[in-house]
Amino acid sequence: MLRRSLLVMLSVALVAAFSLTVLASSEDGVLVFGATGELRTLDPHVSVDNNAWRAIYYCYDRLVEFKLGTTELVPGLATSWDIADDGLTYTFHLREGIKFIDGTPFNAEAVKFNFDRLFAMGLAPAGTFGFVDKVEVVDDYAVNFVLKEAFIPGISSFATDQGCIVSPGVMEHDVAGDWGQDWLAEHSAGTGPFFVDEWTHGVRVVLARNDSYWGEPAKLEKVSIRYIPEAADLRMLLETGEVDIGEKLTVDQIEAMKGTSGITVFEAPSFCCHYVYMNCQRPYLNDVRVRQAISYAVNYDGIINDLWRGTATQMRGPIPVGLVGHDENVFQYQQDLEKARELLADAGYPGGGFTLKIMHAPVIPEWRPMALVIQEGLAEIGIKLEIESYAWATLRDKLNTGDFDMSHGYWTPDYADADMFTWYWFYSQNWGLAGNRSWYKNVVMDKLVTQSRIEVDPDKRLALFQGIQWISVGDAAYLYLLQANYQIVMRDWVKGYVYNPMLLNMPNFPGMYIEK
């Protein structure tokens, strides 16, 4: 009995000591961010992944920035800018006396190098600046961007992650003409308030404060972005205090954590949209009638009310509520199994009789239960839907090569313009990770989305967006599922967090701090 009592006392002591260690593991100057998705590269000229942008964004600056908590543009590395009367030339006037983290001076030549590199590599981020024809150095601290044609949201593009300014010093790490790509995949080379201090793959990325930063220094000494693939583990670590802030918990988990002592749940409307890509180049799905049938087979109400617990609304076309151009009158699919069966029969598949596959990744916990709801609806019309789970990087590779039938996806805008949800999604030259992940092509749509980028008359531009929305819903290249509220959980000792709908997965690390 004495031995048993001693063992119990020892166990209690060990648990208490472990708890104290966990709670003390987050130092006041270090913010621990829990992420369920792992990044693949730290090169801003390669990545179009929100999980990577979280680590990349604050290691760099951009010519213009989003004002904290708003979509308003303010000076960044440029103190001001001018737009020619014809809209075809942007002139940026640059700050002086700034150096990159590697000691290279920031100037107009550095800006030109950055965009030369972006265009020469020609990967998905380059598409953001597809409207630029050439970059010209005016003098040491002035640079011209000559456009192919006027582009309405052009200046906003420079505030995106793709607009990060990379040091010419990366060329010291060039291997076989790769523009230093292999090296920058693991490091950073910016002028931002942080730099990449460590990346232990599969474990964490650590950002350290740049003590030579030209602007207001970051309040935190370090940000440790920990890879925690299971949402249940992330919840536990938040509750014990080992993680300070984290996202991509399930709706149910977040609901259960509300009211928990020491926990703050932030929630706000967002432009984040969840949908399913239907690969228009694959058998069966290359018939619009099959895609429409699938659109009619989905139980949208079940997904939104039962899975998302009312924290989302059903999409009505591609442009989300809150962006100029959204049309409340656009047709919205509702579950209609009889209509779905009629469309399948008209397409030559009475009773269905074929199999499709849908991909998801655990990084979004709701995707698998959503896939199960879609699977159930398709079974009602005779289509067998097989559900496949992939690591985030593998899923994105398949999206980029078109090696899939259907796939879950989500999209958040980089700038506050409907163009983010039209040109990227539907322009046929954007197949893959560049944006058009349904591998959709319609020559009429190509003309509409291209024209909407350059039309200066507001009423005519709205009319173009209206046409785009109606055609896109009719062509049914996507299952338009839902527009979700943004939710993030943090300990109450995390201070300074400011929400920005343009930087959804990129908390304002420079302004945040720990106060226990």
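Residues numbered from 1 in each chain as written. Predicted model: local features only at pLDDT ≥ 70, side-chain atom pairs only at ≥ 80, totals over all residues. Heavy atoms only, no water.

Caption draft 1: How the structure looks around the side chain of Asn 144. On the secondary structure map, Asn 144 appears in strand S7 (residues 142-147). For Asn 144, a relative accessible area of 16% corresponds to the buried category. For Asn 144, the side chain forms a polar contact with the side chain of Thr 91, separated by 2.6 Å. Sequence-distant contacts of Asn 144, that is, excluding residues within four places in its chain, are made with Thr 89, Tyr 90, Thr 91, Lys 134, Val 135, Glu 136 and Val 138. (Helix = DSSP H or I, 4+ residues; strand = E, 2+ residues; numbered from the N terminus. Buried < 20%, exposed > 50% of the residue type's maximum accessible area, 1.4 Å probe, protein only. Polar contact = N/O pair within 3.5 Å; in protein donor to acceptor, adjacent residues only side chain to side chain. Contact = heavy atoms within 4.5 Å.)

Caption draft 2: Fine view of the sheet that holds strand S14 (residues 312-314). Overall, mixed pairing links the 6 strands, which are arranged S14-S18-S13-S17-S15-S16 in an open sheet. At either margin of the open sheet sits one strand with a lone partner, and together these are S14 and strand S16 (383-389). Each neighbouring strand pair of the sheet contributes to a mean axis angle of 25°, computed without reference to strand direction. (Pairing = 2+ DSSP bridges. Axes fitted to C-alpha atoms, helices over the stretch in contact; angles between N-to-C directions.)

Caption draft 3: Geometry of the pattern of salt bridges. Scanning the model with the defined rule gives 28 salt bridges in all. Taking the shortest distance from any N to any O, the salt bridge between Glu 72 and Lys 67 comes out at 3.9 Å. Across the pair Lys 258 and Glu 255 runs a salt bridge whose closest N-O atoms are separated by 3.4 Å. Among the residues examined, Glu 255 registers a relative accessible area of 43% and is labelled partly exposed. (Salt bridge = Lys/Arg side-chain N within 4 Å of Asp/Glu carboxyl O.)

Caption draft 4: Examining the packing of aromatic side chains more closely. Counting across every chain of the model gives 45 aromatic pairs. On the numbers, 5.5 Å between centres and 85° between planes, the contact of Phe 92 with Phe 145 is edge-to-face. Of this pair, Phe 92 sits in strand S5 (residues 89-94) while Phe 145 is found in strand S7, placing the two residues 53 residues apart along the sequence. Each member of the pair, Phe 92 as well as Phe 145, is classed as buried. (Phe/Tyr/Trp six-rings, centres within 6.5 Å; stacked < 30°, edge-to-face > 60°.)

Caption draft 5: Geometry of the pairing of strand S15 (residues 354-360). The buried fraction of S15 is high, at 5 of 7 residues. With 7 bridges connecting them, S15 and S16 associate as parallel partners. Counterpart to Met 359 in the pairing with S16 is Glu 388. Traced from S15 through helix H11 (residues 367-380) to S16, the parallel crossover comes out right-handed. Across 2 bridges, S15 lies against strand S17 (residues 406-411) in parallel orientation. Residue pairing across strands places Met 359 opposite Ser 407, the latter belonging to S17. (Right-handed = clockwise from strand over helix to strand, strands pointing away.)

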